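For reference, the chains in residue letters:
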Amino acid sequence: MARTRRVTVSTDVHGHTAGWAEAEPAPPPSAPDPTAAAFFDVDNTMMQGASIYWFARGLAARNYFTTTDLARFAWQQLRFRLLAREHAGDMSQARDAALAFIEGWRVDDMERLAQEIFDEMMAPRIWVGTRQLAQRHLDAGERVWLVSAAPVEIGRVIASRLGLTGAIGTVAEVVDGAYTGRLAGDLMHGPAKAEAVTQLAAVEGLDLTRCAAYSDSANDLPLLSTVGRPVAVNPDGALLRRAREHGWEVCDFRTGRRAVKIAVPSTAVAGALVGAVSAGLALHRRRRPG
């Protein structure tokens, strides 16, 4: 797997990597620590906005559903963000609808679309500063995983393109190489992320007290509390308060104006994102990959 080059954060790069940090990242150890690793949330942490939203944008550009559906989807995310809360019913609905639109699709077609849409829609929105943080772990000989509520196929593509170790994400049931339209388990959201990372650590021989986790959202407090080095990246208000209370590292790569614009959609509604785009696609399918 290709390694990414080291990037120096500057106010000149893309106009959005300037920011501040309340604590400097710890320098890499003199020798690799096989028990240490890093876990990065994706939406608004590794990239601007929500990966499932940009995936939906890419599908809309390919006429899988209409721009009206996309606008309705974007409005739902804005409404959820302004309410700044989640309801059990919303998450239940998201679980029921998530990934239903890909029923019958071949896995290789889904992965091909994810690769194309990453290159077109997502790559320009990777936070250079966060990518640099991930690269520091790689340079220190540590493994780096993405952890996202988005479909694991999208996570794997992002991880591959960035030269990371792998990805943990929401998994769809597959039979004979095709999706059934049902989830294999729950959405990778909230406490589920912490559980998945704990299971991965057991398999990979990691010491979570020596691991780091990065997120923008208070919804990832279970994940951040699981590791020895939690870091708030582009944090929402609740996470920023918790980070300051506990002395966690805080990094923000947004400028003030862009921070407001990029706040929607976010990981605060990651489960609803999956459900909303899935429902829209299920109702307005134009075609399936052949």
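What comes next concerns the included structure. (Residues numbered from 1 in each chain as written. Predicted model: local features only at pLDDT ≥ 70, side-chain atom pairs only at ≥ 80, totals over all residues. Heavy atoms only, no water.)

1. Let's talk about the overall build of the protein
Across its full length, the protein holds eleven helices and nine strands. Long-range pairs, those at least 24 residues apart, make up 72% of the contacts in the protein with a sequence separation of at least 6. Surface accessibility of the protein: about 12600 Å² in total, with carbon and sulfur atoms responsible for 51%. (Helix = DSSP H or I, 4+ residues; strand = E, 2+ residues; numbered from the N terminus. Contact = heavy atoms within 4.5 Å. Areas by Shrake-Rupley, 256 points an atom, 1.4 Å probe, with all protein chains shown as cover.)

2. Quick word on the environment of Val147
Relative to the helices and strands, Val147 is located in strand E3 (residues 143-151). C-alpha separation for the pair Val147 and Lys193, spaced 46 residues apart in sequence, amounts to 6.8 Å. For Val147, the residues in contact, after removing those within four places along its chain, are Phe39, Phe40, Asp41, Val42, Ile168, Met188, Lys193 and Val197.

3. A short note on unusual backbone geometry
Excluding glycine, residues mostly carry a negative phi; peptide bonds, for their part, are mostly trans. One non-glycine residue, Asp176, lies in the positive phi region at around 55°. Among the secondary structure elements, Asp176 is positioned in the loop between strand E5 (172-175) and strand E6 (178-183). Phi is positive for Asn234, close to 50°, though the residue is something other than glycine. Tracing the chain through its elements places Asn234 in the loop between strand E8 (229-233) and helix H9 (237-246). You can call Asn234 buried: its relative accessible area is 3%. (Buried < 20%, exposed > 50% of the residue type's maximum accessible area, 1.4 Å probe, protein only.)

4. As for the nonpolar core
By size, the foremost hydrophobic cluster in this structure holds 44 residues, and its most contacted members are Phe40, Phe55, Met122, Leu146, Ile158 and Leu164. Looking at which element gives the most residues to this core, the answer is helix H4 (residues 107-122), with eight residues. Counting residues in each nonpolar core, the second largest holds 25 residues, with Met188, Ala213, Ala232 and Trp248 among its members. (Core = buried A, V, L, I, M, F, W, Y, C linked by side-chain atoms within 4.5 Å.)

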